[in-house]
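Residue strings, one per chain:
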Amino acid sequence: RGYGQYTIEGEDDENSLGELTHAVFVIHGIGEAMWSKEDVSTMSMSDELDQLRMVVNRKKVVSWREECKKCEKIKQPLPRPPNRVEFLPIEWYDKVRSPSHALVSSLTAVTLDSIPALRSIANDVIFDVLMYLTPDYCEAILQCVTTQIIE
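In this text the structure is predicted, and so the values were computed from the model without any measurement.

**Regarding the overall build of the chain**
Each helix and strand counted, the chain has seven helices and two strands in total. Ordered by position from N to C terminus, the α and β elements of the chain give α-β-α-α-β-α-α-α-α. Across the 151 residues in the chain, those meeting the buried criterion constitute 28%. In the chain, the share of contacts with a sequence separation of at least 24, taken over all contacts with a separation of at least 6, comes to 77%. Surface accessibility of the chain: about 11000 Å² in total, with carbon and sulfur atoms responsible for 58%.

**Considering the pattern of salt bridges**
Taken as a whole and assessed by the stated rule, the structure comprises four salt bridges. For the salt bridge of D50 with R53, the shortest nitrogen-to-oxygen distance reads 3.5 Å. Of this pair, D50 and R53 both sit in helix α3 (residues 45–73), three residues apart, which is roughly one turn of that helix. Between R53 and E86 there is a salt bridge, with its nearest N and O atoms 3.3 Å apart.

**Side note on unusual backbone geometry**
In this structure, K75 is a non-glycine residue whose phi angle is positive, near 55°. Its location among the elements puts K75 in the loop between α3 and β2 (84–90). Given a relative accessible area of 75%, K75 falls into the exposed group.

**Quick word on the side chain of E86**
Its location among the elements puts E86 in strand β2. Owing to a relative accessible area of 18%, E86 belongs among the buried residues under this scheme. A distance of 3.1 Å separates the side chain of E86 from the side chain of R84, its partner in a polar contact. When residues no more than four places from it in sequence are discounted, the contact partners of E86 are L20, H22, A23, V24 and R53.

So, how was this worked out
- Residues numbered from 1 in each chain as written.
- Predicted model: local features only at pLDDT ≥ 70, side-chain atom pairs only at ≥ 80, totals over all residues.
- Heavy atoms only, no water.
- Helix = DSSP H or I, 4+ residues; strand = E, 2+ residues; numbered from the N terminus.
- Buried < 20%, exposed > 50% of the residue type's maximum accessible area, 1.4 Å probe, protein only.
- Contact = heavy atoms within 4.5 Å.
- Areas by Shrake-Rupley, 256 points an atom, 1.4 Å probe, with all protein chains shown as cover.
- Salt bridge = Lys/Arg side-chain N within 4 Å of Asp/Glu carboxyl O.
- Polar contact = N/O pair within 3.5 Å; in protein donor to acceptor, adjacent residues only side chain to side chain.

Quick look at the structure:
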């Protein structure tokens, strides 16, 4: 429809790779609430993993192309293209801990307004540790993670 040909950054490198042979499941740790807040200037885990995948695959392609040049110089058969690696995010935080949950509501109700940065860390990070140590939440987190990996 009138658009010229375009490529997305890293697309050429990924098209040079062989088939997918490795899937790396990356599960976020505790404190995800703190890093996923709107006022924190960090990228999402999915965006970070997209960048990681591009960097890893780009390095594999660059190394492979160098090997191809060496083989061409000495007139040996070219090596097979390297296989692709995929990094898949597994996120449990939003599925297990909702703002409407009784524990979160109770914690919010008793949180003091003083020292907001420290309170934010306590509410978002330390609370996750305490949640993980309770059998119900631990089971819910493990169930959520395994379900996503299986899917």
